[in-house]
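Observations on chain architecture
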Amino acid sequence: PLDQVRIIQLPRVQDPRGNLTFVEGEQHVPFDIKRVYYLYDVPGGETRGGHAHRDLEQVLIAASGSFEVVLDDGRARRTFLLNRPYHGLYLPRLIWRELENFSSGSVCLVLASLRYDEADYYRDYDEFIRDIGCQP
Ligand code: TYD
């Protein structure tokens, strides 16, 4: 799955009155958008994430500020810095992710392919690794 992770360049409408970016499901992201959520007011030094998803696909956007996304598919690890509101980080299913180093006032906007379902989460890293067949 890590080789499917990529930065999507989102459309930018630049304007002296302020810039605009838009996202259409199945157009700019490779799925129909079923849910949107966002992380904000993250205290300095806190981390979010710490899980993987069985079926959910997501696109993460630093709508404001910046943060780092550490990814792990059981074979390799890769870190992305998100710091542009017109970059979307596409995450397929079965990727363990940690979000860290949030700048103050940053907002992590998430576009998701499915509605919220706790049963879709792996919250235990060892169980995730066992299930994807890559015993450490
Ligand atoms: P979680 O996905 O664990 O947060 P993060 O990955 O950003 O650290 O979600 C935190 C809590 O919020 C969890 O108890 C479930 C709830 N939640 C919803 O009810 N709906 C949602 O769409 C999301 C993303 C979370």
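Residues numbered from 1 in each chain as written. Predicted model: local features only at pLDDT ≥ 70, side-chain atom pairs only at ≥ 80, totals over all residues.

With that settled, the discussion passes to the overall build of the protein chain. A tally of regular secondary structure across the protein chain gives one helix and 12 strands. Taken over C-alpha atoms, the radius of gyration comes to 15 Å for the protein chain, in line with the 14 Å a tight globule of 136 residues would show. The principal-axis extent of the C-alpha atoms belonging to the protein chain is close to 55 × 35 × 25 Å. Counting over 136 residues, the protein chain shows a buried share of 23%. Of all intrachain contacts in the protein chain linking residues separated by at least 6 positions in sequence, the fraction that spans at least 24 positions is 74%. (Helix = DSSP H or I, 4+ residues; strand = E, 2+ residues; numbered from the N terminus. Rg over C-alpha atoms; globule rule 2.2 N^0.38 Å. Buried ≥ 20, exposed ≤ 12 C-beta atoms within 10 Å, placed from the backbone. Contact = placed C-beta atoms within 7 Å.)

A few words now on the sheet that holds strand β8 (residues 77-82). In spatial order, the strands read β8-β7-β10-β5-β12; together these five strands make up an open sheet with antiparallel pairing. Pairing within the sheet leaves two strands with one partner each, and these edge strands are β8 and β12 (121-122). Of the pairings in the sheet, the one linking strand β7 (residues 67-72) to strand β10 (residues 96-100) comprises five bridges and is antiparallel in character. Its bridge partner lying in β10, L71 is registered against R97. (Pairing = 2+ DSSP bridges.)

Membership of the largest hydrophobic core comes to 22 residues, with the highest contact counts inside it found for V59, L60, F67, V69, L82 and L89. Elements supplying a minimum of two residues to this core: β6 (58-64), β7, β9 (87-91), β10 and β11 (107-112). Once you skip the residues sitting within four places of it in the chain, L89 turns out to touch I7, V59, L60, V69, F80 and L82. (Core = buried A, V, L, I, M, F, W, Y, C linked by C-beta atoms within 7 Å.)

Here the focus is the site of the ligand. Around the ligand sit R35, Y37, L39, R48, G49, H51 and Y116, and those are all the residues in its vicinity. Broken down by secondary-structure element, the contributors of at least two residues to the shell around the ligand are β4 (35-39) and β5 (48-53). Looking at the shell around the ligand residue by residue, the classes come out as three nonpolar, two polar and two charged. (Near = placed C-beta within 6 Å. Nonpolar A, V, L, I, M, F, W, Y, C, P; charged D, E, K, R; others polar.)

Our next topic: the UniProt feature "domain: Sugar 3,4-ketoisomerase QdtA cupin" (unreviewed entry) in the protein chain. The feature "domain: Sugar 3,4-ketoisomerase QdtA cupin" (unreviewed entry), as annotated in UniProt, sits at residues 4-130 in this numbering. In residues 4-130, the share of helix is 5% and the share of strand is 44%. The end C-alpha atoms are 21 Å apart. (UniProt positions renumbered as here; feature names shortened; annotations may be inferred.)

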